[in-house]
Amino acid sequence: MANSASSSAPLLTADGTPLKVGLQRSLRRSKLKAAGLVFPPLLFLIVLFIVPIGDLLTRSVDDTRINYQLPLTFALIDNWDRKELPDESLYEAVFLDLSSINKFLIKHNFGAAVDPKDPAWTVSIPRKGPYRDAILEIAPDWRSPANWLPLRAIAVQASQATGATIDLRKAKIKAEFTICKDLTPLENASCSNLYRELLKWDGTSEPNEVLFKALFKDLSYAAKYLIGKSSTRMNYEKPGFKSLLKKSGRKFEKIEEGPYKEALIKADKRWGDIDFWKALITMKDPQTSVYYLNSLDRKWDADREIVMQPEERRVYVMLWERTFWLSLIVTLGCLVLAYPVAHLLATLPLRHSNLLMICVLMPFWTSLLVRIVAWMVMLRSEGVVNDTLVAFGWPDESRLQLMYNFTGTVIVMIQILLPFMILPIYSVMKTIPPSYMRAAQNLGAPPSLAFLRVYMPQTLPGVGAGVILVFIVAIGYYITPELVGGKDGRLIGNMVAYHMQKSLNWGLASAMGAILLVGILILYWIYDKVVGIDNMKLG
């Protein structure tokens, strides 16, 4: 009985804790330590990789700004037959969307929630006042001080900031932008008038004319800012829209009442061009695929059919093809040059291979810009290469054109990306025992057959790693083509940079970036199916 009781008793650790509980605690501590080690790189990956890609994918389908600009127009445009010019109601809607601030004051002012029959859309706010009665007719909720208090809290908090003068100014500016962000869908509009008047208001009395005047002025500024941004988007769809809105904006101020169709066409005859109205239909949806279609030289027409862009605007498909072929040529060129160099590095005595390895790594110690400029000096018409050829008898009038074209881009990119091919192949070759080749030759195989049947198959993991690494880097390259390529060497990466930095068409740039990302993932998947990602080694 004693032995039975002792055998059924739980096992204890040295401190008297049941062994099972102790093991669970130890396992929990191990998991927490592992999570603590993984969390920093995971956070780094999320912040610097996942979030930017998510933002890129969001921007590539986002068309909400133009929907905030023309909510009433888009609510009515489906009633248009698209065969003749729109009727008076659609002209009035466009006029109200472009000339009034009502869309910022009406609650249901976006997408399917817009009610075109709401009389608040047609209320006119006098430009020189009084403002209070007109604004309250549009949005009666502004009569209550409770709706002003959250805005006043933002202003008061900023006014109570402490620190240096520059810190106080930053707090004030941030509050002005925050107030406007609460009132409008804009992040870069400033409500300075409202900020100033909210600080003067006691927060309890009924809002007076001064507050409503400040609200009107700031929302008017925000409306002009929104027109400037949305007109750029409209110009992408139909060239000439930006100048049309800019010209019409000045003349709309003189239009007090209808008929609006006649007044708008008189202000600018392009309002009588049906193509401009058809272009609005393609921008109606807040989420759009138009940027992806533009990336492939296609677009939506007024009947929601996918059609080709006009011939003079078809450029991107050609750039996609050029980018793919150049990346393929650069990858094959790097492979042809890197394989013998890597073999030499792996088979030479250590004293010589180390010196050669320094030569391979030396480009990494030199600025990329310096290397590209050096190649520009060598490849230009009066450069080192052409001067050398002329010195050996090449006709002076037939100098090679190696700069600002496809050829120059290939040459420079191969030199720049060559180390990325050499190192993976070398690291695999270094692990192959030389005895394998000797054994094959001792069994009667000639050196060439032994190399092809014994040595080369073992190097394929390194070759695969180098190929996929160089190809992925080459397909997104833009610095070298920008400096050396000229018109014939321009790649899709250059267009992404152009739209991000100059044209500011971030939607199109994001769409091209997303297509590039998906293309690389597809190539990666094909590589995994054909070669096997498990067979890729870096040594």
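Note that this is a predicted model, so its numbers are computed, not measured.

J.: Which residues make up the domain arrangement of the protein chain, and what values go with them?
T.: According to the domain assignment, the protein chain consists of domain 1 (2-59), domain 2 (66-272) and domain 3 (321-535). Here domain 1 and domain 2 have C-alpha centroids that lie 54 Å from each other.

J.: Quick one: what's the story with helix 14 (residues 274-281), residue by residue and with numbers?
T.: If you check which residues of helix 14 are buried, you get Phe276, Trp277, Ala279, Leu280 and Ile281. On the buried face of helix 14, the contacting elements are helix 4 (71-76), helix 5 (88-99), helix 11 (209-237) and helix 12 (241-252). Residue Asp273 occupies the N-cap position of helix 14, its side-chain oxygen lying 3.0 Å from the main-chain nitrogen of Asp275.

J.: Hey, could you go over the state of the cysteines for me, with residue numbers and the actual values?
T.: One pass over the structure, following the stated rule, counts one disulfide. Each sulfur of the disulfide joining Cys180 and Cys191 lies 1.9 Å from the other. Disulfide Cys180-Cys191: torsion about the S-S bond near 85°, hence right-handed. Here Cys180 is found in helix 9 (residues 165-183), whereas its partner Cys191 is found in the loop between helix 9 and helix 10 (192-200), with 11 residues between them in sequence. When its relative accessible area of 0% is taken as the criterion, Cys191 is described as buried. The thiol sulfur of Cys334 is not disulfide-bonded, and the nearest other cysteine sulfur, from Cys359, lies at 17 Å. What makes Cys334 buried here is its relative accessible area of 0%. Judged by its relative accessible area of 46%, Cys359 is partly exposed.

J.: Can you explain the packing of helix 18 (residues 368-379) against helix 19 (residues 384-391)? Please cite residues and give values.
T.: Any two packed helices are characterised by how steeply their axes cross, that is the angle between the axes, and by the distance between the axes. One way to put it is that helix 18 packs onto helix 19 with a least axis distance of 4 Å and a crossing angle of 30°. For the element pair helix 18 / helix 19, the angle class is roughly parallel. Contacts from Val377, Met378 and Leu379 in helix 18 reach Val384, Val385 and Asn386 in helix 19. Across the contact of helix 18 with helix 19, the residue classes break down as five nonpolar, one polar and no charged.

J.: Talk me through unusual backbone geometry; I want residue IDs and the actual numbers.
T.: Here the residue pair Gly129 and Pro130 is connected by a cis peptide bond, since its omega of 0° sits within 30 degrees of zero. Not every positive phi belongs to a glycine, and Arg82 is a case in point at roughly 70°. Residue placement: Arg82 occurs in the loop between helix 4 and helix 5. The exposure class assigned to Arg82 is partly exposed, which follows from its relative accessible area of 21%.

Conventions and cut-offs
- Residues numbered from 1 in each chain as written.
- Predicted model: local features only at pLDDT ≥ 70, side-chain atom pairs only at ≥ 80, totals over all residues.
- Heavy atoms only, no water.
- Domains from an automatic or database assignment.
- Buried < 20%, exposed > 50% of the residue type's maximum accessible area, 1.4 Å probe, protein only.
- Helix = DSSP H or I, 4+ residues; strand = E, 2+ residues; numbered from the N terminus.
- Contact = heavy atoms within 4.5 Å.
- Polar contact = N/O pair within 3.5 Å; in protein donor to acceptor, adjacent residues only side chain to side chain.
- Disulfide = S-S within 2.5 Å.
- Axes fitted to C-alpha atoms, helices over the stretch in contact; angles between N-to-C directions.
- Parallel < 35°, antiparallel > 145°, perpendicular 65-115°, else oblique.
- Nonpolar A, V, L, I, M, F, W, Y, C, P; charged D, E, K, R; others polar.

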